[in-house]
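Residue strings, one per chain:
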Amino acid sequence: AGLHQPVHSGSLRTREDDVVQCALPLAFSYGLHHAIMTIRVGATLVIERSFVFPIKVIERMASERVTMFPGVPTMYAQLCDLEGIDRFDLSALRIVTNAGAGITKPHINRLRAKLPHATLYSMYGLTECKRVTYLPPEQLDVRPMSVGRGMPNQEHWLVDEEGRRLPNGSTGELVVRGAHVMLGYWENPAETARALTPGPLPGEHVLHTGDIFRTDEEGWLYYVARRDDIIKCGGEKVSPREVENAIDSLPGVRESAVVGVPDPRLGSAVKAFVVPAKGATLTERDVIRHCHKHLESFKAPRQVVFLEELPKTDSGKVLKKSLA
């Protein structure tokens, strides 16, 4: 807990008079961490059963004068699509946080417009070591797609496919070192050996996250994709998130998910699943044409499927394997 105090008790300035509303499963480390943090400072915790009925969550947010709300991108996509949210007094809400998956720039803009009183913290973490990095809010307008430069009391770096450290300005797998790194997976030595490798100190291990990031020249981190989610299309590597960012910027899109599907000529082809906003009428051609305007041609989806909802886990993550 002490390791993460700077982001939650310091940068978030969690206070005893805060009211934290948690609609995340407490079996999800992100939700559990906020519950522990709230109890630790003696604040009030409002626990929701789920986010199935977003308007009910918003009603309680207003009636309980909630000051902090942790969420994930799929929650915020639903929230931004809600009609009549303006009739609720959400002026007490001072902080919203995002983790679990990267939030796209269009959704950042929509969320800030919906919740003008709240400060957004974009964060990245994983169960194997809790929080890894967060973006100071004053940087959100400067570098909205970054998740920050790491946490105090940890070391992190990027490595290439051969495990060699990469300098700033590179793209590679994120490796994390610190006291917050797990000891291993329960009764699964094979997976533990894949995720943990020996660190600089005797008996120490560092965590290979399996997540691909890029850094700019100043060391700011930008999430690219899960290593297994990178689409290899005709010899080119495509980041699903980059395509999702483009699709989400198209008016009438509530949320999207992009996966690679087998293709006899390209190896893998880009396929998009799109959830239209309420009342929007979009065609496959609209989406593909929009992507060609904003992306290199090989990154544009070959197929677009429209869904009423994306399949998700209990913690709100999109089930991309199910889509593929």
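What you are looking at is a predicted structure, and each value in this text was computed from that prediction instead of being measured.

**Q** Now, about the overall build of the protein: what can you tell me, with residues and values included?
**A** Helices and strands together make up the secondary structure of the protein, namely nine helices and 18 strands. Its C-alpha atoms give the protein a radius of gyration of 20 Å, within 12% of the compact-globule value 20 Å for 324 residues. Overall, the protein is about 60 × 60 × 40 Å in size when its C-alpha atoms are taken along their principal axes. Looking at the protein as a whole, 53% of its 324 residues qualify as buried. The contacts of the protein with a sequence gap of at least 6 include a subset with a gap of at least 24, amounting to 63%.

**Q** Any details on the environment of Val142? Residues and values, ideally.
**A** Structurally, Val142 can be placed in the loop between strand S6 (130–134) and strand S7 (146–148). Since its relative accessible area comes to 56%, Val142 is described here as exposed. Sequence spacing of Val142 and Pro106 is 36 residues, and the spatial spacing of their C-alpha atoms is 15 Å.

**Q** Hey, could you go over the packing of aromatic side chains for me, with residue numbers and the actual values?
**A** Within a pair of aromatic rings, the relevant descriptors are the distance that separates the centres and the angle that separates the planes. Here the structure, examined in full by the defined rule, presents six aromatic pairs. On the numbers, 4.8 Å between centres and 75° between planes, the contact of Tyr124 with Phe213 is edge-to-face. Residue Tyr124 is located in strand S5 (residues 119–126), and its partner Phe213 is located in strand S12 (residues 205–215); the two are separated by 89 residues in the primary sequence. Residue Tyr124 is classed as buried on the basis of its relative accessible area, which comes to 8%. For Phe213, a relative accessible area of 0% gives the class buried. Three or more aromatic residues link up through ring pairs in this structure, and these residues are Phe51, Phe69 and Tyr76. The positively charged end of Arg165 is found above the aromatic ring belonging to Trp157, 3.7 Å away from the centroid.

**Q** A description of the packing of helix H4 (residues 73–80) against helix H5 (residues 105–114) should follow, citing residues and the corresponding values.
**A** At a minimum axis separation of 10 Å, H4 and H5 run at an interaxial angle of 55°. Classified by the interaxial angle, the pair formed by H4 and H5 is oblique. Where H4 crosses over H5, the two elements pack in a sense that is left-handed. Between H4, through Tyr76, Ala77, Leu79 and Cys80, and H5, the contact on the second element is made entirely by His107, Arg110, Leu111 and Lys114. Each residue belonging to the contact of H4 with H5 can be placed in one class, and the counts come to five nonpolar, one polar and two charged.

**Q** Pulling in residues and values, what's your account of the nonpolar core?
**A** Grouped together as the largest cluster of nonpolar side chains are 46 residues, with contacts concentrated most on Ile58, Phe69, Leu90, Leu93, Val96 and Leu111. If you list the elements that add at least two residues to this core, you get strand S1 (19–22), helix H2 (29–41), helix H3 (54–63), strand S3 (68–71), H4, strand S4 (95–98), H5 and S5.

**Q** Let's hear about H4: which residues, and what values?
**A** Counting buried residues along H4, eight of its eight residues qualify, which places the element largely inside the surrounding structure. Among the residues of H4, those classed as buried are Pro73, Thr74, Met75, Tyr76, Ala77, Gln78, Leu79 and Cys80. Next to the buried residues of H4 lie H3, S3, S4, H5 and strand S16 (253–263).

**Q** I'd like a rundown of unusual backbone geometry, residues and numbers included.
**A** A negative phi holds for most residues other than glycine; trans holds for most peptide bonds. With phi around 55°, Arg65 is a residue other than glycine that occupies positive phi space. Judged by its relative accessible area of 38%, Arg65 is partly exposed. Positive phi is not limited to glycine here, since Asn153 has a value of about 65°. Mapped onto the elements of the fold, Asn153 is located in the loop between S7 and strand S8 (154–159).

So, how was this worked out
Residues numbered from 1 in each chain as written. Predicted model: local features only at pLDDT ≥ 70, side-chain atom pairs only at ≥ 80, totals over all residues. Heavy atoms only, no water. Helix = DSSP H or I, 4+ residues; strand = E, 2+ residues; numbered from the N terminus. Rg over C-alpha atoms; globule rule 2.2 N^0.38 Å. Buried < 20%, exposed > 50% of the residue type's maximum accessible area, 1.4 Å probe, protein only. Contact = heavy atoms within 4.5 Å. Phe/Tyr/Trp six-rings, centres within 6.5 Å; stacked < 30°, edge-to-face > 60°. Lys NZ or Arg CZ within 6 Å of the ring centre and 35° of its normal. Axes fitted to C-alpha atoms, helices over the stretch in contact; angles between N-to-C directions. Parallel < 35°, antiparallel > 145°, perpendicular 65-115°, else oblique. Left-handed = near helix turned anticlockwise from the far one by under 90°. Nonpolar A, V, L, I, M, F, W, Y, C, P; charged D, E, K, R; others polar. Core = buried A, V, L, I, M, F, W, Y, C linked by side-chain atoms within 4.5 Å.

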